[in-house]
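Architecture and fold: a report
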Amino acid sequence: MSMVRDEMPSIFLDAIDASRQLLFEFQHRTTALPPPSCVDAPPVAHNGHAVPWTLRPYQQTAVDACLAAVAAGEHPVVALPTGAGKSMVLAELSEQLPGRVLICTHRKELIRQDRETYVGTDAGIYSAGLNQRDLHTRVVYAGVGSIYRKMEALQQAGPFAAVLVDEAHRIAPCSEQSMYRTIFESCPDAARIGLTATPWRLNQGPIWGDGQWFSTCAANVSMHDLIPAYLSPLVGM
């Protein structure tokens, strides 16, 4: 099934993911969100960096819930719909998590986008598609296909304390051989955090729980929470 999915045009994958997100929102709600504001707060200094944004309330709530879950020994999922700013949440988590942080995804466009969002200086990219192979930075943005056989080299500068996955719904269950399984088993003490718009498989259920690499859903932000303050209302054609 994963091979078939990889060969499908992106427009069909987007439609499938959107359908799964709507199904998931009707099934689960785990985090109460503060009322959104239509105007974002002005930029502030954060951890010594002049950052170009302040997290929106729902993003900050998701970050706080995720960090609390990690502190409790969990491996959490954070569900954010398309357009909610997963790159900003990834950047904030990378800044606040201690130790070395590995951020994986499957597309070079996402690797570049996520890295450009992060404002810290000690960050690099390991991706054959982007022709970059940074090994020794604290934060590494990486392509899963580029690194799953390079984990020993990547951890010569120190073991990863956390592995974050963008598009975490693409990860197969623990029982199946996969590139992500190789990565996770290469750093068994690392916290695992998954971000996705669709944390639900139609044939298997949620991507957390028994037999999965994640243990809980720390935050679930619905499309309906973000309309109309942050996303445009849905309009029929």
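Our subject in this report is the structure included herewith. (Residues numbered from 1 in each chain as written. Predicted model: local features only at pLDDT ≥ 70, side-chain atom pairs only at ≥ 80, totals over all residues. Heavy atoms only, no water.)

Let us look at the overall build of the protein chain. The secondary structure content of the protein chain amounts to nine helices and 12 strands. Burial status across the protein chain gives 49% buried among its 237 residues. Considering only residue pairs separated by 6 or more positions, the protein chain has 73% of its internal contacts joining residues 24 or more positions apart. (Helix = DSSP H or I, 4+ residues; strand = E, 2+ residues; numbered from the N terminus. Buried < 20%, exposed > 50% of the residue type's maximum accessible area, 1.4 Å probe, protein only. Contact = heavy atoms within 4.5 Å.)

Here we take up helix α4 (residues 86-96). Extensive coverage of α4 is indicated by the burial of nine of its 11 residues. For α4, the complete set of buried residues consists of K86, S87, V89, L90, A91, E92, L93, S94 and E95.

A few words on unusual backbone geometry. Across residues other than glycine, the phi torsion is negative in most instances, and most of the peptide bonds are trans. I227 connects to P228 through a cis peptide bond whose omega is 5 degrees. Backbone geometry places E167, a non-glycine residue, at a positive phi of 70 degrees. Position of E167 relative to the elements: it lies in the loop between β8 (160-166) and α8 (179-186). We classify E167 as buried; its relative accessible area is 16%.

Considering the arrangement of structural elements, one finds D189 in the loop between α8 and β9 (191-196). Each C-alpha atom of the pair D189 and A161 lies 7.0 Å from the other, and the pair is 28 residues apart in sequence.

Within the structure shown, the criterion is met by four aromatic pairs. Arranged with centres 6.3 Å apart and planes meeting at 50 degrees, the rings of Y118 and Y141 form a pair that is tilted. Residue Y118 is found in the loop between α5 (108-117) and β5 (123-127), and its partner Y141 is found in strand β7 (residues 139-143); the two are separated by 23 residues along the sequence. An identical accessibility class is assigned to Y118 and Y141; each is buried. (Phe/Tyr/Trp six-rings, centres within 6.5 Å; stacked < 30°, edge-to-face > 60°.)

Of note, D166 is situated in strand β8. The side chain of D166 is buried and forms no salt bridge, while K86, the nearest opposite charge, is found at 5.3 Å. (Lys, Arg positive; Asp, Glu negative; His and termini not counted. Salt bridge = Lys/Arg side-chain N within 4 Å of Asp/Glu carboxyl O.)

Where helix α3 (residues 57-71) contacts α4, the axes come no closer than 10 Å and their chain directions differ by 40 degrees. By the angle between their directions, the pair α3 and α4 is classed as oblique. Here α3 and α4 pass one another in a crossing that is right-handed. On the side of α3, the interface is formed by Q59, V63, C66 and L67, while α4 contributes M88, V89, E92, L93 and Q96. For the contact of α3 with α4, a count of residues per class yields six nonpolar, two polar and one charged. (Axes fitted to C-alpha atoms, helices over the stretch in contact; angles between N-to-C directions. Parallel < 35°, antiparallel > 145°, perpendicular 65-115°, else oblique. Left-handed = near helix turned anticlockwise from the far one by under 90°. Nonpolar A, V, L, I, M, F, W, Y, C, P; charged D, E, K, R; others polar.)

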